[in-house]
Amino acid sequence: DSGVTQTPKHLITATGQRVTLRCSPRSGDLSVYWYQQSLDQGLQFLIQYYNGEERAKGNILERFSAQQFPDLHSELNLSSLELGDSALYFCASSVDGTRTEAFFGQGTRLTVV
Amino acid sequence: GDSVTQMEGPVTLSEEAFLTINCTYTATGYPSLFWYVQYPGEGLQLLLKATKADDKGSNKGFEATYRKETTSFHLEKGSVQVSDSAVYFCALSDYGANSKLTFGKGITLSVRP
């Protein structure tokens, strides 16, 4: 158990809908990352937060947004969903997000039908 | 920006064979280097890490040495087991705007009895 909790584990939704994925980081970790893993694209970095502030942004679509709350949990919002958004979404956390290892949650498997 | 290149896969080995998985990196700063492993249906787990040149990370019989002169961090194991079958990712984390974990494409290892 990494200490990073993601909910829900599985999500099935229709095209055009909006979903929210939730992540609770390990106790004491200030930095949260979101990654998307699909068969054809591999592991893609979406966004990183540190202590509530956005630190780095990857190839995150405009339809996607995220935030980190004062209690340090994070949410990833995916809207106007398309079939191609079906993937595993991982959250990870690290102590300070600089040259340190990150610990991953079990992921949320999103299926868009 | 920073990047990680892993050798192409998949790799299939017999039990007790020697394993080498190549990883090279490009970074603007002085990153920390990591190997992560993903077992089927699970999230990524940190396998080992190294934070400075000539450091050797080791865990569960796996080893990797931080080679700054060749910008490499190759993963080795002297005798693989069936239970080592998984996907292996090389990654780095640098300072500031490059502090996110940057991953290679991953390589699938299958070990047959």
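In this report, we go over the structure that sits alongside the text. (Residues numbered from 1 in each chain as written. Chains lettered and ligands numbered in written order. Predicted model: local features only at pLDDT ≥ 70, side-chain atom pairs only at ≥ 80, totals over all residues. Heavy atoms only, no water.)

**Examining the pairing of strand E10 (residues 86-93) of chain B**
All names here are of chain B.
- Of all 8 residues in E10, 7 are buried; the element is thus mostly enclosed.
- Bridge count for strand E5 (residues 32-38) against E10 is 7 bridges, and the pairing is antiparallel. Bridge assignment links serine 32 to a residue of E10, and that residue is serine 93.
- Here 3 bridges tie E10 to strand E12 (residues 107-112), and the two strands are oriented antiparallel to one another. (Buried < 20%, exposed > 50% of the residue type's maximum accessible area, 1.4 Å probe, protein only. Helix = DSSP H or I, 4+ residues; strand = E, 2+ residues; numbered from the N terminus. Pairing = 2+ DSSP bridges.)

**Topic: the sheet that holds strand E1 (residues 5-7) of chain A**
All names here are of chain A.
- With antiparallel pairing, 4 strands are arranged side by side in an open sheet as E1-E3-E8-E7. For this open sheet the edge positions go to E1 and strand E7 (64-68), each flanked by a neighbour on one side alone. The mean angle between the axes of side-by-side strands here comes to 15°, regardless of whether they run parallel or antiparallel. (Axes fitted to C-alpha atoms, helices over the stretch in contact; angles between N-to-C directions.)

**A few points about the side chain of B:Lys100**
- Among the secondary structure elements, B:Lys100 is positioned in the loop between E10 and strand E11 (102-103).
- Within the buried core, B:Lys100 has no salt-bridge partner, and the shortest N-O distance to an opposite charge, that of B:Asp2, equals 6.4 Å.
- Excluding residues within four positions of it along the chain, B:Lys100 makes contact with A:Tyr33, A:Tyr35, A:Phe45, A:Gln48, B:Leu92 and B:Ser93. (Lys, Arg positive; Asp, Glu negative; His and termini not counted. Salt bridge = Lys/Arg side-chain N within 4 Å of Asp/Glu carboxyl O. Contact = heavy atoms within 4.5 Å.)

**Concerning the state of the cysteines**
- Tallied over the entire structure, the rule returns 2 disulfides over all chains.
- Paired through a disulfide, A:Cys23 and A:Cys91 show a sulfur-sulfur distance of 1.8 Å. Disulfide A:Cys23-A:Cys91: the torsion about the S-S bond is -55°, which places it as left-handed. Residue A:Cys23 is located in strand E3 (residues 19-24), and its partner A:Cys91 is located in strand E9 (residues 87-94); the two are separated by 68 residues in the primary sequence.
- Residue classification places A:Cys91 among the buried positions, given a relative accessible area of 0%.
- What pairs with B:Cys23 in a disulfide is B:Cys90, and their sulfur atoms sit 1.9 Å apart. Because the sign of the S-S torsion sets the handedness, a value of about -70° for the bond joining B:Cys23 and B:Cys90 places this disulfide among the left-handed ones. With B:Cys23 in strand E4 (residues 23-26) and B:Cys90 in strand E10, the pair connects residues that are 67 residues apart, well separated along the chain. Like B:Cys90, B:Cys23 is buried. (Disulfide = S-S within 2.5 Å.)

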